Amino acid sequence: MHPTYTLTISCPDRVGIVAKVSNFLAMYGGWITEANHHSDLEVQQFFMRHEIRADSLPFGLDAFRTAFSPIAKEYDMQWQISDSQTRKRVVLMCSKEAHCMVDLLHRWQSGELACDIPLVISNHQDLQELVEWHGIPFVHVPVRKDNKAEAYAEIERLIDEAQADTVVLARYMQIIPPALCEKYAHQIINIHHSFLPSFAGAKPYHQAYERGVKLIGATCHYVTEELDAGPIIDQDIVRVNHRQTAADMVRLGRDVEKAVLARGLMWHLQDRVLVHGNKTVVFN
């Protein structure tokens, strides 16, 4: 695979955006290997994602940014460009449930998730041995009613010290404070069952079983101050029927949760997710 640069753009929609960007790349010999565009007619917003062979351009990222800035200013673009050879740094956070953590660590170890995991933070010690077996540092930060401010100050310090690009809540069962949600906007990814708000609280799958639901699922989203209401990255479902027990629903729900979280994280790492307001455009 050739190293690539990934250019993502969000801007007010108008005529000539694609032509302007394409002509700029062509002028410097840029070889586009993947191109995605979307125009949101409701809000008149345009979204673009291009992958460009890095070796086809005569300059690196800093020079690219300098050369492209006049176009970005002309079209009022929110944009970024990243290098596929620079691996993003992902801090994982967990509590007691292992299924999402096990799945992400397996995908990371097998090379399916192209990132570095410098650290795992947990409010319990149940998964310490599992994490350290993978050669990843594990830090236990207890979170209690009487120490939440101190605990999250320490978590913030650890995230910053790890130079994390992304934080993944792999079934981390604590509410992230609003200040951290704001500081790491669109950088914290969470997974939850899609029953909310119908089956909030303890044992949602058991509640669903008692209600006789026919669909169960999961939602991967960015974390915001409003609990479980951030921009959605991915969702999926599985059908169930009267033959399934509550234990079956828990098992099937876990399968959906880990698949959706892995997909959402992968698309995020590949800069395939563009956020506008409380919605996303996902070029998958």
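What counts and what doesn't
- Residues numbered from 1 in each chain as written.
- Predicted model: local features only at pLDDT ≥ 70, side-chain atom pairs only at ≥ 80, totals over all residues.
- Heavy atoms only, no water.
- Axes fitted to C-alpha atoms, helices over the stretch in contact; angles between N-to-C directions.
- Helix = DSSP H or I, 4+ residues; strand = E, 2+ residues; numbered from the N terminus.
- Parallel < 35°, antiparallel > 145°, perpendicular 65-115°, else oblique.
- Left-handed = near helix turned anticlockwise from the far one by under 90°.
- Contact = heavy atoms within 4.5 Å.
- Nonpolar A, V, L, I, M, F, W, Y, C, P; charged D, E, K, R; others polar.
- Pairing = 2+ DSSP bridges.

(A) Representation of the packing of helix H1 (residues 17–27) against helix H2 (residues 61–74). It is the contact of H1 with H2, at a shortest axis distance of 11 Å, that shows an interaxial angle of 160 degrees. The pairing of H1 with H2 is recorded here as roughly antiparallel in orientation. Considering how the two elements wind past one another, H1 and H2 form a crossing that is right-handed. Residues Lys20, Val21, Phe24 and Leu25 of H1 form the contact with H2, whose own contacting residues are Phe64, Ala67, Phe68, Ile71 and Glu74. In terms of residue class, the contact of H1 with H2 is made up of seven nonpolar, no polar and two charged.

(B) Quick look at the sheet that holds strand E3 (residues 45–53). Judged by pairing direction, the sheet is antiparallel, and its four strands sit side by side in the order E2-E3-E1-E4 without closing on themselves. Two strands close off the open sheet at either side, each with one partner strand: strand E2 (32–40) and strand E4 (78–83). Shown here is a sheet whose adjacent strand axes are inclined to one another by a mean of 5 degrees, direction ignored. Where E2 meets E3, eight bridges bridge the pair, whose relative direction is antiparallel. Its bridge partner being in E3, histidine 38 is matched across the sheet by phenylalanine 47.

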